[in-house]
Structure formats: C-alpha cells, structure tokens
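In case you want the letters, here they are:
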Amino acid sequence: MRGVGKAAELIDLTRQQGAHPRIGAADVIPFVPISGIKLEQCVLLARQAGLEIWRRYNIPVYFYEAAAARPDRANLDEVRRGQFEGLRDQVRNDSTRRPDLGGPGLHPTAGACAVGARKFLVAYNIYFDSTEVALVRAIAREIRAASGGMKGVKALGVLANGRAQLSMNITDFEATPISQVYRKVASLALRHKAVLAGGEVIGLVPEAACERESEWMRQLTGSIR
C-alpha cells in the first residue's frame, strides 16, 4: 500500500514517458503463490488490496488474471489497451472500459492500478547488438501467443539502454520451457541477420524453470536480479 501511495506521489503520468505499456503510476500489482498459499487465496488478497487502494488514494482499480471480475479482463494486455492516455479518454464515453473499483474516471495523474492474482511468470529479456526496434518487434510478433506463436509467451520489442530489446513474460514455463523460447528467438535472429547481445532475468525465477546447462542461462550477461 505504501508503494502505491509513493508512486502516486512521485509519478505524474501526464508528464511521464517510457518504453513499456502502462495505465498507472503503480501500474500492475500481482499476487503470486510461491509457497504455503494457493492461487485462490491470492485472489482474495488481490481483491482486498484493490479495495484498500481505492479507499486510501482514490486510485481506481482493474482486476486481472485469476482475480478478474469479468472474463474480458483476465488478460492484462486487454486491461492496458490504449495505455493511460487512451484509457483516460475512453472511460468518459465507454462504460465497458470503466474500472472495476472506483472511477468512473481515472486518477488525473496516477491513472489506475491493475491488481491481480496469477501463477509465477519469468520476466526474461534479450538484448540485440542493434538499435533496430522494428526488427525485434517482428520477432516478438512471431513468438507471442496472442499472434499464434508460443504458448504462454508475451513479447514486445523496445529500445532499452541504447539497444533493441526483446522484452518477454513467460507465463507458462512448464508448457514452454525458456530454453525453447531462446532457441526460437536465436533461429529468428539468424534469419533476420541479427546478433544476440545478452540476456537478463528480472525478479525471481522458480527453481523448476532453471535449466543450469542451457544456452539461455549461459547467455545471461548481467546478474539475475
């Protein structure tokens, strides 16, 4: 709760710009069952947190994934459609886009929070030795599940740290191991005559997802952070 309040205090979305889609200063708050808790309990925590965010900060809330109040909001990408600027305008005229809690309008500077409960995902990014974001976006389209690619893979191409980056969320590493994702990306990069320049994992990685002798883990250039 304090993190949401601090984000709202420090971040003005009418002035902020970034590479990653967002609808709020505290954009997404997932509750993830790591151990000793079930997904259903995380749903209850997400609902309680959403209510408290609205009560404390007057920031409206959308529930997503397992905590979704509506089937069409299970996918976070759909909740984020249009980002802050587009959603801010849409909620005025389209009741189907209004928040699950609070509103009907967004907070003028902090937007809205997407609060959810979901299984563990792996946030895995691959950097390219290039600034050609269009090329990486083409690769992202080929691998992401929403485009008919690999199951449980979300992907987009952005410019980060002065290089083109393939930013991915692997939402079902049991169905699609990260080594399989890496091999596919490497194959597509070769086809496009692009060079992979390193990778990184953001946040926690389940032990079951770690493939110690795999190429994708050997290719990590920074620390796992």
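Above this note sits the structure.
Throughout this document, residue positions are counted from 1 along each chain, in the order its sequence is written. The predicted nature of this model means local features are confined to residues of pLDDT at least 70 and side-chain atom pairs, given and counted, to a pLDDT of 80 or more, with totals for whole chains, interfaces and linings taken over all residues. Excluded from the side-chain calculation are hydrogens and water; included are all heavy atoms of the structure.

Student: Residues and numbers for the pattern of salt bridges, please.
Tutor: Put simply, a salt bridge is a Lys or Arg side-chain nitrogen that is within 4 Å of an Asp or Glu carboxyl oxygen. This structure, assessed with the given rule, holds 11 salt bridges. In this structure, the salt-bridge partner of R70 is D72, at a minimum N-O distance of 2.6 Å. The class for R70 is partly exposed, based on a relative accessible area of 25%. A salt bridge links R73 to D100; its shortest N-O distance comes to 2.8 Å. Taken together, the residues span a long stretch of sequence, with R73 in the loop between β2 (61-65) and α3 (76-79) and D100 in the loop between α4 (83-93) and β3 (113-117) at a distance of 27 residues. When accessible area is computed with a 1.4 Å probe and restricted to protein chains, residues below 20% of their type maximum are described as buried, those above 50% as exposed, and intermediate ones as partly exposed. With relative accessibility at 5%, the residue R73 sits in the buried group. Given a relative accessible area of 23%, D100 falls into the partly exposed group. Here the salt bridges do not stand alone but share partners, grouping R88, D89 and R92 into one network. Labels follow the DSSP assignment, with helices taken as runs of H or I lasting at least four residues and strands as runs of E lasting at least two, numbered in each case from the N terminus.

Student: Residue-level account of the environment of R141, with values.
Tutor: By the element assignment, R141 lies in helix α5 (residues 133-143). With 14 residues separating them in the primary sequence, R141 and A155 have C-alpha atoms 7.4 Å apart.

Shape is all these values report; function is a separate question.
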